[in-house]
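Coordinates in review
So you can see what is in the structure, the chains are spelled out below.
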Amino acid sequence: MGTVIVAVVLIVIVVLAVGSSLKHMKGEGGCCGGGGEIKESKKLDAPKIGEKQITIEGMHCDHCKNSVERAVNKIDGVVCKVNLRKKKAKISYSSEVSDEALKQAVESAGFQVLSIEKVK
């Protein structure tokens, strides 16, 4: 009887772990210790003069998304909005910003920049 109870408990644990892993791989839930946090959105102080799009590798959850947005938004004259599912960040800027500065900000948050393209 004791063996049956232990087996049932182990099966329940495995089912919960698989469910959590599937959510993590879809970019849902609060992995990395902080998905779902409330944050203020940054707005440009001057008129937008351009947009860039960054393709980013390594983001899995809202916490990752927020980390990238916070890192890029520290740059003056720049606003970042991340699309987690597409693994892309849209950068709007009111003053020129170099690709190197954007890459450095994303990589300082712990993610890999695959490409940076100017949006027309």
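Residues numbered from 1 in each chain as written. Predicted model: local features only at pLDDT ≥ 70, side-chain atom pairs only at ≥ 80, totals over all residues. Heavy atoms only, no water.

**Notes on the overall build of the protein**
A count of helices and strands for the protein gives three helices and four strands. Helices (α) and strands (β) of the protein occur, in sequence order from the N terminus, as α-β-α-β-β-α-β. Residue burial in the protein is summarised as follows: out of 120 residues, 31% are buried. For the protein, the accessible surface area stands at approximately 7900 Å², while carbon and sulfur atoms represent 58% of it. (Helix = DSSP H or I, 4+ residues; strand = E, 2+ residues; numbered from the N terminus. Buried < 20%, exposed > 50% of the residue type's maximum accessible area, 1.4 Å probe, protein only. Areas by Shrake-Rupley, 256 points an atom, 1.4 Å probe, with all protein chains shown as cover.)

**Remarks on helix 2 (residues 62–73)**
Because an α-helix completes one turn every 3.6 residues, residues spaced three or four positions apart along the sequence face the same direction. For helix 2, which comprises twelve residues, the first-to-last C-alpha distance of 16 Å matches the rise-based estimate of 16 Å (1.5 Å per residue) to within 8%. Judged by how many residues are buried, helix 2 sits mostly within the fold: nine of twelve residues are covered. Within helix 2, the full set of buried residues consists of Cys64, Lys65, Asn66, Ser67, Val68, Glu69, Ala71, Val72 and Asn73. On its buried side, helix 2 packs onto strand 1 (50–57), strand 2 (78–83), strand 3 (88–93) and helix 3 (99–108). (Expected span 1.5 Å × (residues − 1). Contact = heavy atoms within 4.5 Å.)

**Focus: the packing of aromatic side chains**
Here the structure, examined in full by the defined rule, presents zero aromatic pairs. The positively charged end of lysine 52 is found above the aromatic ring belonging to tyrosine 93, 5.7 Å away from the centroid. (Phe/Tyr/Trp six-rings, centres within 6.5 Å; stacked < 30°, edge-to-face > 60°. Lys NZ or Arg CZ within 6 Å of the ring centre and 35° of its normal.)

**Focus on the state of the cysteines**
For the structure shown, the criterion picks out zero disulfides. You can see cysteine 64 has no disulfide; the closest cysteine sulfur is in cysteine 61, sitting 3.6 Å from it. (Disulfide = S-S within 2.5 Å.)

**So, the environment of lysine 87**
Considering the arrangement of structural elements, one finds lysine 87 in the loop between strand 2 and strand 3. We classify lysine 87 as partly exposed; its relative accessible area is 32%. Sequence separation between lysine 87 and histidine 60 is 27 residues; the distance between their C-alpha atoms is 8.9 Å. Excluding its chain neighbours within four sequence positions, the residues that come into contact with lysine 87 are Ile54, Thr55, Ile56, Glu57 and Met59.

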